[in-house]
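Chain and residue survey
Letter by letter, the chains look like this.
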Amino acid sequence: MRVWDNVRLHLTAGMREFIDANAEWLTAFQLPTYAPDLNPQKGIWSLVKRDLGNLAAADLGQIAWTVKHRLKRIQYRPDLVDGCLTGTGLTLV
């Protein structure tokens, strides 16, 4: 099974030919252009951006550090990660 969004690479003729040539074992599902309800990473980035809204960063390095720090905090909160997955209705296999 293959699930993709609308990234340019996923929409090329070569990709379509590959999917068609391998249809006996490959099922492709194309997501809408913006589908946060189907993509758990959107929930994670939403949590990160929530903290960045009021950041008055002095430079790009401070922004990068803040993003890494927020992601690290989320990593140690499996309930947040599970919540982002649950919100999509998807499950881990």
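Here the structure is a predicted model, which is why all the values come from computation and not from measurement. (Residues numbered from 1 in each chain as written. Predicted model: local features only at pLDDT ≥ 70, side-chain atom pairs only at ≥ 80, totals over all residues. Heavy atoms only, no water.)

Quick look at the overall build of the protein chain
Along the protein chain, the regular secondary structure elements total 4 helices and 2 strands. Secondary structure elements in the protein chain, listed N-terminal to C-terminal, are β-α-β-α-α-α. Of the contacts made within the protein chain by residues no fewer than 6 positions apart, 54% connect residues no fewer than 24 positions apart. Summing over all exposed atoms, the protein chain offers an accessible surface of approximately 7,200 Å²; the carbon and sulfur share of this is 59%. (Helix = DSSP H or I, 4+ residues; strand = E, 2+ residues; numbered from the N terminus. Contact = heavy atoms within 4.5 Å. Areas by Shrake-Rupley, 256 points an atom, 1.4 Å probe, with all protein chains shown as cover.)

So, the packing of helix 2 (residues 40-52) against helix 4 (residues 78-86)
Working note: a packed helix pair is described by the angle between its axes plus the distance between those axes. Viewed as axis vectors pointing N to C, helix 2 and helix 4 meet at an angle of 135°, and their least axial separation amounts to 7 Å. Taken together, the axis directions place helix 2 and helix 4 in an arrangement best described as oblique. Pair helix 2 / helix 4 crosses with right-handed handedness. Here Pro40, Gly43, Ile44 and Leu47 of helix 2 lie close against helix 4, whose contacting residues are Leu80, Val81, Cys84 and Leu85. Per-class residue counts for the contact of helix 2 with helix 4 are 7 nonpolar, 1 polar and no charged. (Axes fitted to C-alpha atoms, helices over the stretch in contact; angles between N-to-C directions. Parallel < 35°, antiparallel > 145°, perpendicular 65-115°, else oblique. Left-handed = near helix turned anticlockwise from the far one by under 90°. Nonpolar A, V, L, I, M, F, W, Y, C, P; charged D, E, K, R; others polar.)

As for a nonpolar patch on the surface
There is a patch of nonpolar side chains on the surface, built from Leu55, Leu60 and Ile63 and spanning about 260 Å² of accessible area. The class of Leu55 is partly exposed, set by a relative accessible area of 31%. (Patch = residues over 30% accessible without salt bridge, like charges linked within 9 Å, V, L, I, M, F, W, Y side chains within 5 Å. Salt bridge = Lys/Arg side-chain N within 4 Å of Asp/Glu carboxyl O. Buried < 20%, exposed > 50% of the residue type's maximum accessible area, 1.4 Å probe, protein only.)

Some details on the nonpolar core
In this structure, Ile44, Leu47, Val48, Val67, Ile74 and Cys84 together form the largest nonpolar core, which totals 6 residues. Mapped onto this core, the elements with two or more residues apiece are helix 2 and helix 3 (60-75). Among the elements that make up this core, the one with the highest residue count is helix 2 (3 residues). In this structure Val48 touches Val67, Arg70, Leu71 and Ile74, once residues within four positions along its chain are discounted. (Core = buried A, V, L, I, M, F, W, Y, C linked by side-chain atoms within 4.5 Å.)

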